Amino acid sequence: MIKLTYQIICDICKKECTTETYDCTNYPMLEFPRPTMQYTFSFGYPTEMCYDCAAPLQAAKNKVIDELRARRNDG
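Owing to the predicted nature of the structure, the values given are computational and were not obtained by experimental measurement. (Residues numbered from 1 in each chain as written. Predicted model: local features only at pLDDT ≥ 70, side-chain atom pairs only at ≥ 80, totals over all residues. Heavy atoms only, no water.)

A. Representation of the pairing of strand 2 (residues 16-24). Note that strand 1 (residues 2-9) and strand 2 share eight bridges and pair antiparallel. Counted as the bridge partner of Ile2 is Cys24 from strand 2. In this antiparallel pair of consecutive strands, strand 1 and strand 2, the connection spans six residues, and Lys14 shows a positive phi of 65°. (Pairing = 2+ DSSP bridges. Helix = DSSP H or I, 4+ residues; strand = E, 2+ residues; numbered from the N terminus.)

B. Main features of the packing of aromatic side chains. Within the structure shown, the criterion is met by three aromatic pairs. Their ring planes at 85° and their centres at 6.2 Å tell us that Phe41 and Tyr51 sit as a pair that is edge-to-face. Taken together, the residues Phe41 in strand 3 (residues 40-42) and Tyr51 in helix 1 (residues 51-74) connect sequence positions ten residues apart. Classification of Phe41 as buried rests on a relative accessible area of 15%. Classification of Tyr51 as partly exposed rests on a relative accessible area of 42%. (Phe/Tyr/Trp six-rings, centres within 6.5 Å; stacked < 30°, edge-to-face > 60°. Buried < 20%, exposed > 50% of the residue type's maximum accessible area, 1.4 Å probe, protein only.)

Remember that the coordinates give geometry; whether it matters functionally is a separate question.
In structure tokens, the structure reads:
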């Protein structure tokens, strides 16, 4: 049995977002579980961020997307 632990750390504030632990069997045909993408945000490249750090960036990204959609619908 192999215990696999992912410790997700925010790239901005360095706060621990979560820890994911999996108990795995060491069978050659099985892949180990990957960490969830719950704290992964993409702003040009994927980065791990807590929700507090991601919120203002996500709001700005959504605003730009909404403005682009509005221009597309007007044109």
